[in-house]
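Letter by letter, the chains look like this.
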Amino acid sequence: VNEFQLIAQLAPTLATAPHLIVGAGDDCAVIDVGLAAHWLLFKTDAVVESVHFEAEADPAQVGHKALARALSDVAAMAGEPLSALITLALPDRFSTAWVQAAYQGLNRLARKHSVSIAGGETTRSPGPTLLSVAVVGRVAKDRCLLRSGGQPGDALFVTGELGGSLQGRHLTFQPRLAEAQWLARHGSIHAMIDLSDGLAGDLRHILDASGVGAELRAASIPIARAAKNAARAGSAAKPPLLAALTDGEDFELLFSAAAADAVGLLDAWKNRFPNLRLTCIGKLTTQPGLRLRDHQGVRTLDRTGYAHFAKPSS
Ligand SMILES: [Mg+2]
């Protein structure tokens, strides 16, 4: 049983109540707390030593990453983060300087987005260091973007560039909060997610939730320099396109929008965010499944994933 299968088993058993608008299965929980125009967003996320960061990593960057991951999920709903609680589990022989530096990273990113750090919990860990962040935020009820809103014919977009994040970017990425809020105001955006597990895997979450399929254009997928450089240097475990599809930890936004708005959206984006790429990478389809079109034709990316892609039948 992998992580996603475990979540699928647990999700139907979770306690619920009428105030829960969206529970497990989207980037944040959406809760009706009785406000006229807004819903509450609620998210928790953890980073673990040797899983999400190495022991030698800059602790300020580890703190940054821990909060940035949760803020990225608030961005994926087009929400505005408000406040965070920090849970820190430390091994017996912890370094006070490490903890102080981690909090510097947390505080710096929190201040940048006007997020308060409202407290938390510190405990001992018999294993590695764990840093968990719970965030609350809010979103206007008519602007909240879910994974389930995708429609056949929608154009698919991604911000930034993908692949090779683990070569450094994963510790310093910026959650796309302003960008997501702008998108919710300026485009006919139907579904959105942030890219934590890789384009191919995260797009599947939109497809499953929306009951649609997708076709990606291989030549359009924006590949990060880190992934290209690794391939050039011969140090890459996979070709750059495959890295962009499957590496994960990109923390860019993936969304679908009405195709009729695609050109206007790209133009307006270029004016508002000239330093961040926005790329149309394909479309949502009535035909289920995930397909990749390249110069050889169209092939299927199946559930067992990129092995299928790595050994094309053609
Ligand atoms: Mg997410």
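In this report, the structure presented in the accompanying data block is examined.

### A short note on the packing of helix H2 (residues 59–76) against helix H3 (residues 96–112)
Thinking step 1. With their axes 6 Å apart at the nearest point, H2 and H3 run at an angle of 40° to one another. Accordingly, the angle class assigned to the pair H2 and H3 is oblique. Read as a crossing pair, H2 and H3 show a hand that is right-handed. Contacts from Pro 59, Ala 60, Val 62, Gly 63, His 64, Leu 67, Ala 68 and Leu 71 of H2 reach H3 at Trp 98, Ala 101, Ala 102, Gly 105, Leu 106, Leu 109 and Ala 110.

### Notes on unusual backbone geometry
Thinking step 1. Here Ser 50, not a glycine, exhibits a phi torsion of approximately 75°, which is positive.
Thinking step 2. In this fold, Ser 50 is placed in the loop between strand S3 (38–48) and H2.
Thinking step 3. The phi dihedral of Phe 251 falls on the positive side, at around 55°, and the residue is not glycine.
Thinking step 4. Its place among the elements puts Phe 251 in the loop between helix H7 (240–246) and strand S10 (253–257).

### With respect to the coordination of the magnesium ion
Thinking step 1. The protein atoms that coordinate the magnesium ion are Asp 27 (OD), Asp 73 (OD) and Asp 194 (OD), at distances spanning 2.0 to 2.1 Å.
Thinking step 2. Along the chain, the residues donating to the magnesium ion fall in the pattern D-x45-D-x120-D. One end of the pair, Asp 73, is in helix H2; the other, Asp 194, is in strand S8 (residues 189–194), and 121 residues separate them in sequence. Judged on exposure class, the residue Asp 73 and its partner Asp 194 are both buried.

### Section: the packing of aromatic side chains
Thinking step 1. Here the structure, examined in full by the defined rule, presents six aromatic pairs.
Thinking step 2. With a centroid separation of 4.1 Å and an interplanar angle of 10°, the aromatic rings of Phe 173 and Phe 251 are classed as stacked. With Phe 173 in the loop between strand S7 (155–159) and helix H4 (177–186) and Phe 251 in the loop between H7 and S10, the pair connects residues that are 78 residues apart, well separated along the chain.
Thinking step 3. When its relative accessible area of 6% is taken as the criterion, Phe 173 is described as buried.
Thinking step 4. A ring pair is formed by Trp 182 and Phe 273, whose centres lie 5.7 Å apart and whose planes are at 85°; its orientation type is edge-to-face. Of the two residues, Trp 182 sits in helix H4 while Phe 273 sits in the loop between helix H8 (262–272) and strand S11 (278–285), which places them 91 residues apart along the sequence.
Thinking step 5. Assessed through its relative accessible area of 10%, Phe 273 is described here as buried.
Thinking step 6. Feature note: the residues Trp 182, Trp 269 and Phe 273 constitute an aromatic cluster, connected by ring pairs.

### Details of H2
Thinking step 1. Between its first and last C-alpha, H2 extends 26 Å over 18 residues, near the 26 Å set by a 1.5 Å rise per residue.
Thinking step 2. The element H2 is largely enclosed, with a buried count of 17 among its 18 residues.
Thinking step 3. Measuring from the side-chain oxygen of the N-cap residue of H2 to the backbone nitrogen of Ala 60 gives 2.9 Å; that N-cap residue is Asp 58.
Thinking step 4. Backbone geometry just downstream of H2 places Ala 78 in the positive-phi region, at approximately 65°.

### Side note on the sheet that holds strand S5 (residues 116–124)
Thinking step 1. In spatial order, the strands read S1-S2-S3-S6-S4-S5; together these six strands make up an open sheet with mixed pairing. The open sheet terminates on both sides in strands that have one partner only, identified here as strand S1 (20–22) and S5. Strand after strand, the sheet turns through a mean of 25° between neighbouring axes, direction not considered.
Thinking step 2. Where strand S2 (residues 29–31) meets S3, three bridges bridge the pair, whose relative direction is antiparallel. Within S3, the position partnered with Val 30 by the bridge is Leu 41.
Thinking step 3. On the sheet, H2 packs against S3, strand S4 (80–90) and strand S6 (130–140) and is oriented at approximately 145° with respect to S3.

### Considerations on the sheet that holds strand S12 (residues 290–294)
In a beta sheet, neighbouring strands pair by backbone hydrogen bonds and run either parallel or antiparallel.
Thinking step 1. Judged by pairing direction, the sheet is mixed, and its seven strands sit side by side in the order S8-S10-S7-S11-S9-S12-S13 without closing on themselves. Since the sheet does not close on itself, it has two edges, and those belong to S8 and strand S13 (297–301), each with one partner. For this sheet, the mean inter-axis angle between neighbouring strands, taken without regard to orientation, is 25°.
Thinking step 2. Direction of pairing for S12 relative to S13: antiparallel, over a ladder of five bridges. Paired with Leu 290 across the bridge in S13 is Leu 301.
Thinking step 3. Packing of H2 onto the sheet brings it into contact with S8 and S10, and relative to S8 it is tilted by some 170°.

### Quick word on the nonpolar core
Thinking step 1. Grouped together as the largest cluster of nonpolar side chains are 57 residues, with contacts concentrated most on Leu 67, Val 133, Phe 157, Leu 183 and Phe 255.
Thinking step 2. Broken down by element, this core gets its largest block of residues, eight residues, from H2.
Thinking step 3. Not counting residues up to four positions away in its chain, the partners in contact with Phe 157 are Leu 253, Leu 254, Phe 255, Ala 257, Ala 262, Leu 265, Leu 266, Leu 278, Thr 279 and Cys 280.
Thinking step 4. Counting 28 residues, the second largest nonpolar core, distinct from the first, contains Val 158, Leu 162, Ala 214 and Leu 301.

Definitions and cut-offs
Residues numbered from 1 in each chain as written. Predicted model: local features only at pLDDT ≥ 70, side-chain atom pairs only at ≥ 80, totals over all residues. Heavy atoms only, no water. Axes fitted to C-alpha atoms, helices over the stretch in contact; angles between N-to-C directions. Helix = DSSP H or I, 4+ residues; strand = E, 2+ residues; numbered from the N terminus. Parallel < 35°, antiparallel > 145°, perpendicular 65-115°, else oblique. Left-handed = near helix turned anticlockwise from the far one by under 90°. Contact = heavy atoms within 4.5 Å. Donors = N, O, S within 2.8 Å, 3.2 Å for Na, K, Ca; no water. Buried < 20%, exposed > 50% of the residue type's maximum accessible area, 1.4 Å probe, protein only. Phe/Tyr/Trp six-rings, centres within 6.5 Å; stacked < 30°, edge-to-face > 60°. Expected span 1.5 Å × (residues − 1). Polar contact = N/O pair within 3.5 Å; in protein donor to acceptor, adjacent residues only side chain to side chain. Pairing = 2+ DSSP bridges. Core = buried A, V, L, I, M, F, W, Y, C linked by side-chain atoms within 4.5 Å.

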